[in-house]
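# Coordinates in review
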Amino acid sequence: MTDDDAAHLIRSLSSETARAIVAALHEDPATASELSESVSTSLQNIRHHLGQLEEVGLVRVADTRYSVKGREMNVYAPTEDSLVVCVGSETDKERFLDSLERPIGAFALLAGVAFLVQRAFGAGVVDLGGPGTAPRVGDSVGGAAGPILGLLPPGLAFFVGGALALALVAAWHHRS
């Protein structure tokens, strides 16, 4: 999004009426006259804001209906695209994306190793069919093939523990 596009988007949402229109359309698609009633403003004002919201891609014509008098009316709905507004320079954007790459890589590596742990140690998962077969705390300590404390498969336990360790390291690093 260019600076001009961002400015136009911000201008179109600066009005309380425009924000009320978007909110109303997220609840239920509506015609301009229905929006005029629900937002409590004139039809002319609604059409003005709908034109701006449509121009910036927040609202679209989703259908048509016919009035009691036989006139064709547009039914408006919010666009299905997500709205992401980024504020900052290109350098800020690159720095933000770089900061995301490190944790994503670490989690991908952790997931891969967790998969290998599950393949290596997950074959002997015990049946948790009922009270007579429920494992005890001591069962998981002695048998490496069973799930930890009878609840988690080994691969998932490894991933959760690793994710917790990564979160603690990230919190410690952020604190410093």
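Scroll up for the structure.
A brief report on the enclosed structure follows. Just so you know, the residues in each chain are numbered from 1, in the order the chain's sequence is written. Since the coordinates come from a predicted model, pLDDT governs what is reported: local features require at least 70, and pairs of side-chain atoms require 80 or more to be given and counted, while whole-chain, interface and lining totals use all residues. Computation of side-chain values covers all heavy atoms of the structure but excludes hydrogens and water.

## Topic: the sheet that holds strand β3 (residues 72-78)
Paired through their backbone hydrogen bonds, the strands of a sheet run either parallel or antiparallel. Paired strands, in this sense, are two strands between which DSSP finds at least two bridges. Every helix listed is a DSSP run of H or I at least four residues long, and every strand listed is a run of E at least two residues long, numbered separately from the N terminus. On the basis of which strands lie adjacent, the open sheet formed by 3 strands has the order β1-β3-β2 and antiparallel pairing. Lying at the two open borders of the sheet, with one neighbouring strand each, are β1 (30-31) and β2 (59-66). One ladder, built from 7 bridges, connects β2 with β3; its direction is antiparallel. By the bridge assignment, Val59 is partnered in β3 with Pro78. In what follows, a contact means two residues having at least one pair of non-hydrogen atoms within 4.5 Å. Working convention: axes come from line fits to C-alpha atoms, limited for helices to the stretch in contact. Angles between N-to-C directions cover 0 to 180 degrees. The sheet contacts of helix α4 (residues 43-55) involve β2 and β3, and relative to β2 the element is tilted by about 130°.

## Describing α4
Residues spaced three or four apart along an α-helix face the same direction, because each turn holds 3.6 residues. Helix span is expected to be 1.5 Å times the residue number reduced by one. The end-to-end C-alpha separation of α4 is 18 Å, in line with the 18 Å expected for 13 residues at 1.5 Å each. Residue exposure (1.4 Å probe, protein chains only): buried if accessible area is under 20% of the type maximum, exposed if over 50%, otherwise partly exposed. Buried within α4 are the following residues: Ile46, His49, Leu50 and Leu53. Down the axis, α4 shows its buried residues gathered within 105° of arc, on one side only. Across from the buried face of α4, at angles greater than 90 degrees, the exposed residues are Gln44, Arg47 and Glu55. Of the residues one or two after α4, Gly57 is the one with positive phi, at around 85°. Note that the arc is defined by the directions from the helix axis to the C-beta atoms.

## What to know about the side chain of Thr17
By the secondary structure assignment, Thr17 is in helix α2 (residues 16-27). Its relative accessible area of 18% is what places Thr17 among the buried residues. Those residues within four positions of Thr17 in sequence are excluded, and the remaining contacts are Val39, Thr41, Asn45 and His49.

## Some remarks on the pairing of β3
Where β1 and β3 come together, 2 bridges link them in antiparallel fashion. Opposite Thr31, over in β3, you have Val75 as the bridge partner.

## Re the side chain of Thr31
With respect to the element layout, Thr31 can be found in strand β1. Its relative accessible area of 2% is what places Thr31 among the buried residues. Under this definition, polar contacts are N or O atom pairs within 3.5 Å; protein pairs additionally need one hydrogen-donor-capable and one acceptor-capable atom, and for neighbouring residues in sequence, both atoms have to be side-chain atoms. Here Ser33 takes part through its side chain, which lies 3.2 Å from a polar atom of the side chain of Thr31.

## A few points about the nonpolar core
Among the nonpolar cores identified, the biggest contains 16 residues, and Ile21, Leu25, Leu35, Ile46, Leu50, Leu53 and Val59 are the most heavily contacted of them. For this core, the secondary structure elements donating two or more residues are α2, α3 (32-39) and α4. Sort the elements by how many residues they give to this core and α2 lands first, with 5 residues. In contact with Leu53, not counting residues within four places along its chain, are Ser12, Leu13, Ala18, Ile21, Val22, Leu58 and Val59. For the purposes of this section, nonpolar cores are sets of buried Ala, Val, Leu, Ile, Met, Phe, Trp, Tyr and Cys residues that join through side-chain atoms within 4.5 Å.

## Re α2
The end-to-end C-alpha distance of α2, which contains 12 residues, comes to 17 Å, matching closely the 16 Å that a straight helix rising 1.5 Å per residue would cover. Within α2, the full set of buried residues consists of Thr17, Ala18, Ile21, Val22, Ala24 and Leu25. End-on, the buried residues of α2 take up no more than an arc of 165°, which puts them together on one face. Exposed positions of α2 whose direction lies more than 90 degrees from the buried face are Glu16, His26 and Glu27.

In short, geometric facts, not functional conclusions.
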